[in-house]
Amino acid sequence: MSVIRASACIGRLHLQRWTHLQVIRPAAVPGYPSFQASTGQIKRWYAGTEGNQPTIKAVIFDMGGVLISQPAPIFAAFEESSGMPAGLLLDVIRSSGEKGAWQRLETGQITVEEFGKEFSKECSEKAGREFDVSGLLPHFEQNFKPIHEMIDAVQCIKAQGYKTALLTNNWKHKQDDKSLLPINPEMFDVVVESCQVGMRKPSPGIYETCLQQLKVKPEECLFLDDIGRNLKGAKDVGLHPIKVDNPNQALNDLSSYFTFPLQGFIEGTSAPRKGLEIPTDSLKSHLKTLGMTSTDDAINIRQYKHGQSNPTYYVGFGDRHLVLRKKPPGKLLPSAHAVEREYLIMNALGKHGVPVPKMVSLCEDTSVVGTPFYLMDHVKGRVFKDPSLPGFTASERHDIYQAMCDVLCRIHSVDINKAGIQEYGKHGNYVSRQVKTWSKQYKASETHEIAAMSKLMEWLPQNTPEADATTVVHGDFRLDNLIFHPDKPEVLAVLDWELSTLGDPISDLAYCGLAHYLQPDFPILRGISGCNLSEMGIPTMDEFVTQYCQNRGIPIVTNMPFYMAFSFFRVAAILQGVYKRSLQGQASSQNAKAAGLLAEEMAKLGWSFVEETPPPSTGGGFSRGGRVPPKRNYSMWSNSRRQYSTQVKPGLLASEVSGLSERAQKLHKQLQEFMQEHVYPIEATLNEHQNCEERWTHHPVMDTLKEKARSEGLWNLFLPLEADPDCKYGAGLTNMEYAHLCEIMGRSIYASEVFNCSAPDTGNMEVLVKYGNTQQKKQWLQPLLDGTIRSCYAMTEPAVASSDATNIQSDIRQAGDTLVLNGHKWWISGANDPRCKVCIFMGKTDLSADKHKQQSMVIVPMETPGVKVLRPLTVFGFQDPPGGHVEMVFEDVRVPTENIILGPGRGFEIAQGRLGPGRIHHCMRLIGMSERALELMVHRVQNRVAFGKPLADQGTIQADIAESRMEIEQARLLTLKAAHMMDTVGNKVAAPEIAMIKVAAPNVAQRVIDRAMQAHGGAGLSSDFPLAMFYSWARILRLADGPDEVHRRAIAKMELRKNILK
């Protein structure tokens, strides 16, 4: 295998699945009779929604009449066969009220068996003669039909990442107390059944229960039902209703909310991702040249979700079910992503007893789909992603692993000369060449030093086996790359031949044993380490090796630890390639960046075999037991917990977290854990996003993190108790309590937004809480609190010294019931973000008034005509997307007079009220940045040698570390004192301390970060570490929070006033 091709093969860990696992469609389902609403009613419900499409996060489906047959026609057929008057059943259901048998059945008060007797009595009384309707529900269960088009739509919607729910009026049987669910519940994130929750549609409570479980707002959710009153109930709760008269109409209405097709679902796929779409017309033409036809000329193309390398698609055309695998778009290395080799090897092996999909064609004409590709038959069967095989008996697991071993032996037993593939790779010295190949590829994709990889690159060449056999090697052979027969332990196809070549077969044997040394919850690739394999029927690694050797008739392998170390080394190199390629935007999987971050853990596992301390493979084997090498406690983007140099007992001024309230301590712990688990790991991803072409749009991972933070209660922590005493809007924390949390957030420049605690939104929200009227709060404060929009604050002007707010020249004039705004602003943070929907504008309304009563603040929607962004400004070369810091103009911008905040002439007052708490937030974030910078510095100097000894032993370095620690402690205590005084004596009395910390914190941070950068050398200036960005923010805040000189002037004046000569 060539060096270049090896580098491009970036490992598919959650493989692309080329199978169609059938949708489960058991028999029987309940529903609800179709009480129709008029067309006029439905139209009135939708009035006002056209042209204002909501942001949808979830879709809720009814069952009867939506996913399966309507009950009413089936009931009518039962009436006819039983000699009952037409319409009797529905008439009884309508007229019997909440105490009727039908209603009690659906709320779980009675079971199906009890219902038959009670409902027979009600029907007999209504008809005036005896009728036995105990067979009604069994009749329905035997005659309903699934509506496959709608089920298909559910799966397509869920595959695109939207939440789905089943909300049904249902019933249950007496014998097992279980409801009837003929629809596979795994299609839904939430299933709510009336008989289980004791409520039925259209009761508001059942809709609210579903929304709570989905964790979405009503306005973010669609609801499909065939019954008018159920739709009205949903509308009243705030859901967006869609009436289902027939599948085609419903799908047409539903599709208007989405940009992807709602038909053609295939397990493990989604609609082709952006940039990876397939041109349908040219592909159809190509298929026709191969003799394929379709009566309606329709083609279904779905992209398999997983895989890190060559994009793979399901293609349905006529009666043919195919898989298309192609090279990715963009510039590639000459031999990278060689789909031609995959086609060649599978085509050859399929003729010599190795189970592979039937190959259809290879097309190297790039005009068809943009890059070379091949087609093969789509194989239906089972793929086992979990090597522990849950749900199987010990005997079944044994047979599955036996089949895996057998097919591996068949691959290695192919006569390469008879198969005509003797030139498929080099002969001999395979492992030695592979070590060189992957070492070279690792070095080419290295983004930071991994100690275990360095050790393996030195050790492996020195311990390579002297001789090795030459066979076909798969290169990525493991259980989840096999398609098994739907019913038997038989391998129908071996997938993913991208890493295949000629080489040492024992490397395949070791590779398929990786799972024995990975934990069951290991990210991306699950393992079985620590499981009781003997009890489960799964062979230990030693037993699997013995079985393999006996099947092939070769001596028992005695140096498996070497091959295991090599396998983990190779995976680590692949993952590092995944990571590097994801930064370049070429990896095909959405999880590529996350996969690459596991490289270091894999390298450590590989080195553990050299040290003879691999993780246990329970049940015996050559692992020798031992311990799992400890996880690293540092990274390039250090995130370890700081240790204060001073320990203070709990008191009124809580200098330590232990001095805070129990609730605040819990939030502090939650926040630390959230940062550790979710924020630090994605910093590099967000950092790369800030430098890509799409940088002026926010990264979707931010939405995911914000949703998670909100669900965990880490949301809107910033609003001080003094401003929100009833805790109506925020978390109800004091400034002191929040200061400790804010320091944690400051350790990452991205963290504040995750928790909806980032400027300028925090200041703007506090302004609206304190000074906004009811309408302003409803229209703008609530969306900001919800995190659905962003905002900006327009005060600073290029023509005047804006540090003195009385200099502001922007003009606000009243014209009837509107305000006309004109002004030139700059350094308006966040205004370039597409999510920025509102601006708080400061200008002058009355030049004749006192100089501190000339200013007013006005709410300006960003889409208002006349609001123009001129350019994004750079700070030390940073643009800080997606929000940025912009220069903008307001030219004859007209807004209603009610948009003024608090009233004319109150702008300076509002500005002063806005400054205090927000600036304490900046100061505490700066302390967090400083702590992290010092941690990075300490780690760096302990791992770098200059002039014959570690940098940490140099006297100047030690002095810098000591100076940084002292300055951080001083700045923290002063900041906490200011926060404490704001809580206890108010912002006005605390003004000197607030001014002091505005000067002290950014200056301390700047010096601490500067020392850390100096210790890192050139690396400290790069984006590989957060130091350069930290430094720029520290320097920015010496101006953004008001110039140092202004604060020093204020401090001096206050100090002089205290000591005026009498």
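Residues numbered from 1 in each chain as written. Predicted model: local features only at pLDDT ≥ 70, side-chain atom pairs only at ≥ 80, totals over all residues. Heavy atoms only, no water.

Trainee: Would you take a moment to explain the overall build of the chain for this structure?
Mentor: Along its length, the chain carries 36 helices and 24 strands. Buried residues in the chain amount to 57% of all 1062 residues. The long-range share in the chain, meaning contacts at least 24 apart out of those at least 6 apart in sequence, stands at 74%. Counting every atom, the chain has about 44100 Å² of accessible surface; 51% of that belongs to carbon and sulfur. (Helix = DSSP H or I, 4+ residues; strand = E, 2+ residues; numbered from the N terminus. Buried < 20%, exposed > 50% of the residue type's maximum accessible area, 1.4 Å probe, protein only. Contact = heavy atoms within 4.5 Å. Areas by Shrake-Rupley, 256 points an atom, 1.4 Å probe, with all protein chains shown as cover.)

Trainee: How do you make sense of the packing of aromatic side chains when you look at a structure like this?
Mentor: Remark: the centre distance and the inter-plane angle together describe each pair of aromatic rings, the angle taken between the planes. Enumeration over the complete set of coordinates arrives at 21 aromatic pairs. Taking 5.9 Å as the distance between ring centres and 40° as the angle between the ring planes, the aromatic pair formed by W459 and F562 counts as tilted. With W459 in helix 18 (residues 451-462) and F562 in helix 22 (residues 560-583), this pair connects stretches of sequence that are 103 residues apart. For F562, a relative accessible area of 6% puts it in the buried group. Taken together, a centroid distance of 5.3 Å and an interplanar angle of 65° make the contact between F674 and F755 edge-to-face. Taken together, the positions of F674 in helix 25 (residues 662-679) and F755 in the loop between helix 29 (751-754) and helix 30 (761-771) put the pair 81 residues apart, joining distant regions of the chain. (Phe/Tyr/Trp six-rings, centres within 6.5 Å; stacked < 30°, edge-to-face > 60°.)

Trainee: Would you explain the pattern of salt bridges in this entry?
Mentor: One side chain can pair with another of opposite charge once the charged atoms of both are near each other. As enumerated under the stated definition, the model contains 48 salt bridges in all. Of the charged contacts in the structure, one is a salt bridge between D189 and K158, with a shortest N-O distance of 2.9 Å. Taken together, the positions of D189 in the loop between strand 2 (163-168) and strand 3 (190-193) and K158 in helix 8 (residues 148-159) put the pair 31 residues apart, joining distant regions of the chain. Owing to a relative accessible area of 40%, D189 belongs among the partly exposed residues under this scheme. Between K669 and E673 there is a salt bridge; the shortest N-O distance is 2.5 Å. Separated by 4 residues within a single helix, K669 and E673 lie in helix 25, roughly one turn from each other. Accessibility expressed as a relative area gives 34% for E673, which makes it partly exposed. (Salt bridge = Lys/Arg side-chain N within 4 Å of Asp/Glu carboxyl O.)

Trainee: Got a minute to help me understand helix 21 (residues 541-552) in this structure?
Mentor: At 3.6 residues per turn, the α-helix brings residues three or four places apart onto the same side. Counted at 1.5 Å a residue, the expected span for helix 21 with its 12 residues is 16 Å, and the 17 Å between its end C-alpha atoms agrees. Buried within helix 21 we find M541, F544, V545, Q547, Y548 and C549. (Expected span 1.5 Å × (residues − 1).)

Trainee: What's the story with helix 8 in this structure? I'm lost.
Mentor: The first and last C-alpha atoms of helix 8 sit 16 Å apart over 12 residues, in line with the 16 Å expected at 1.5 Å per residue. Within helix 8, the full set of buried residues consists of M150, I151, D152, A153, V154, Q155, C156, I157 and A159. Looking at the packing, one finds that the buried side of helix 8 touches strand 1 (58-61), strand 2, strand 4 (221-225), helix 12 (247-255), strand 6 (269-270) and strand 7 (299-304). A positive backbone phi angle near 100° is found at G161, which sits one or two residues after helix 8.

Trainee: Mind showing me how you'd approach unusual backbone geometry here?
Mentor: Across the chain, the bulk of peptide bonds are trans and the bulk of non-glycine residues have phi less than zero. A cis amide bond links K201 to the next residue, P202, at an omega of 10°. Assignment of secondary structure puts P202 in the loop between helix 9 (194-197) and helix 10 (204-214). Here the amide bond leading from P881 into P882 is cis, since omega sits at 5°, within 30 degrees of zero. Along the chain, P882 turns up in the loop between strand 21 (867-873) and strand 22 (885-896). Not every positive phi belongs to a glycine, and D297 is a case in point at roughly 65°. Its place among the elements puts D297 in the loop between helix 13 (280-289) and strand 7. Notably, N429 is not glycine yet its phi reads approximately 55°, a positive angle.

Trainee: Whenever I open this one, the sheet that holds strand 5 (residues 240-243) confuses me. Can you help?
Mentor: Remark on secondary structure: sheet strands pair via backbone hydrogen bonds, oriented parallel or antiparallel. What the 5 strands build is an open sheet, ordered 3-2-1-4-5; its pairing is parallel. For this open sheet the edge positions go to strand 3 and strand 5, each flanked by a neighbour on one side alone. Between one strand axis and the next, the sheet turns by 20° as a mean value, whatever way the strands run. Here 4 bridges tie strand 2 to strand 3, and the two strands are oriented parallel to one another. When the bridges of strand 3 are listed, L166 appears paired with V191. Packing against the sheet, helix 11 (residues 228-237) makes contact with strand 4 and strand 5, and its axis sits at approximately 165° to strand 4. (Pairing = 2+ DSSP bridges. Axes fitted to C-alpha atoms, helices over the stretch in contact; angles between N-to-C directions.)

Trainee: What is the right way to look at the sheet that holds strand 6 in this model?
Mentor: Here 6 strands make up an open sheet; going across it, the order is 6-7-8-9-11-10 and the pairing antiparallel. In this open sheet, the two strands that pair with only one neighbour each are strand 6 and strand 10 (359-363). In this sheet, strand 7 lies alongside strand 6 in antiparallel orientation, the contact comprising 2 bridges. Considered in strand 7, the bridge of S270 is made with Q303.

Trainee: Would you mind showing me how to read the environment of Y771 here?
Mentor: With respect to the element layout, Y771 can be found in helix 30. Taking the C-alpha atoms as reference, Y771 lies 7.7 Å from I910; in sequence the two are 139 residues apart.

Trainee: So what exactly am I meant to see when it comes to a positive patch on the surface here?
Mentor: Together, K851, R1049, K1053 and R1057 make up a positively charged patch on the protein surface. Relative to the elements of secondary structure, K851 occurs in the loop between strand 19 (836-844) and strand 20 (855-861). (Patch = residues over 30% accessible without salt bridge, like charges linked within 9 Å, V, L, I, M, F, W, Y side chains within 5 Å. Lys, Arg positive; Asp, Glu negative; His and termini not counted. Charge placed at Lys NZ, Arg CZ, Asp CG, Glu CD.)

Trainee: I would appreciate a short explanation of the pairing of strand 11 (residues 373-377) in the present structure.
Mentor: Within a regular beta strand, the side chains point alternately toward one face of the sheet and then the other, so they alternate between its two faces. Of all the 5 residues making up strand 11, 4 are buried; the element is thus mostly covered by neighbouring parts of the structure. Relative to strand 11, strand 9 (residues 320-326) runs antiparallel, the two sharing 5 bridges. If you follow R325 over to strand 11, its bridge partner there is Y374. Sheet analysis places strand 10 next to strand 11, joined by 4 bridges and oriented antiparallel. Following the sheet pairing, S361 is matched in strand 11 by L375.

Trainee: How do you make sense of the confidence of the model for the chain when you look at a structure like this?
Mentor: Low-pLDDT portions of the prediction should not be read for the details of their coordinates. Averaged over all residues, the pLDDT of the chain is 85; the fraction at 70 or higher stands at 88%. In this model residues 1-51 is a low-confidence stretch, pLDDT under 50, and it forms 189 contacts with partners more than four residues away in sequence or in other chains. Under a pLDDT of 50 for its full length, residues 586-590 has, in the predicted model, 22 contacts with residues more than four places off or in other chains. (pLDDT = per-residue confidence, 0-100.)

Trainee: Could you clarify how one ought to interpret the state of the cysteines in this entry?
Mentor: A covalent bond between the sulfur atoms of two cysteines is what we call a disulfide. Scanning all chains against the criterion turns up 0 disulfides. Counting only cysteine sulfurs, C409 is the nearest neighbor of C405, a cysteine outside any disulfide, at a range of 4.4 Å. No disulfide involves C757; its sulfur sits 7.5 Å from the nearest other cysteine sulfur, which is in C742. (Disulfide = S-S within 2.5 Å.)

Trainee: What is the right way to look at the packing of helix 3 (residues 71-81) against helix 4 (residues 88-95) in this model?
Mentor: For any two helices packed against each other, the geometry comes down to the angle between their axes and how far apart the axes lie. The interhelical angle for the contact between helix 3 and helix 4, taken along N-to-C directions, is 120°, at an axis separation of 8 Å. Classified by the angle between their axes, helix 3 and helix 4 sit oblique to one another. Between helix 3 and helix 4, the contacting residues are A72, F75, F78 and E79 on the first element and L88, L89, L90 and I93 on the second. Among the residues making up the contact of helix 3 with helix 4, the classes are represented as 7 nonpolar, no polar and 1 charged. (Parallel < 35°, antiparallel > 145°, perpendicular 65-115°, else oblique. Nonpolar A, V, L, I, M, F, W, Y, C, P; charged D, E, K, R; others polar.)

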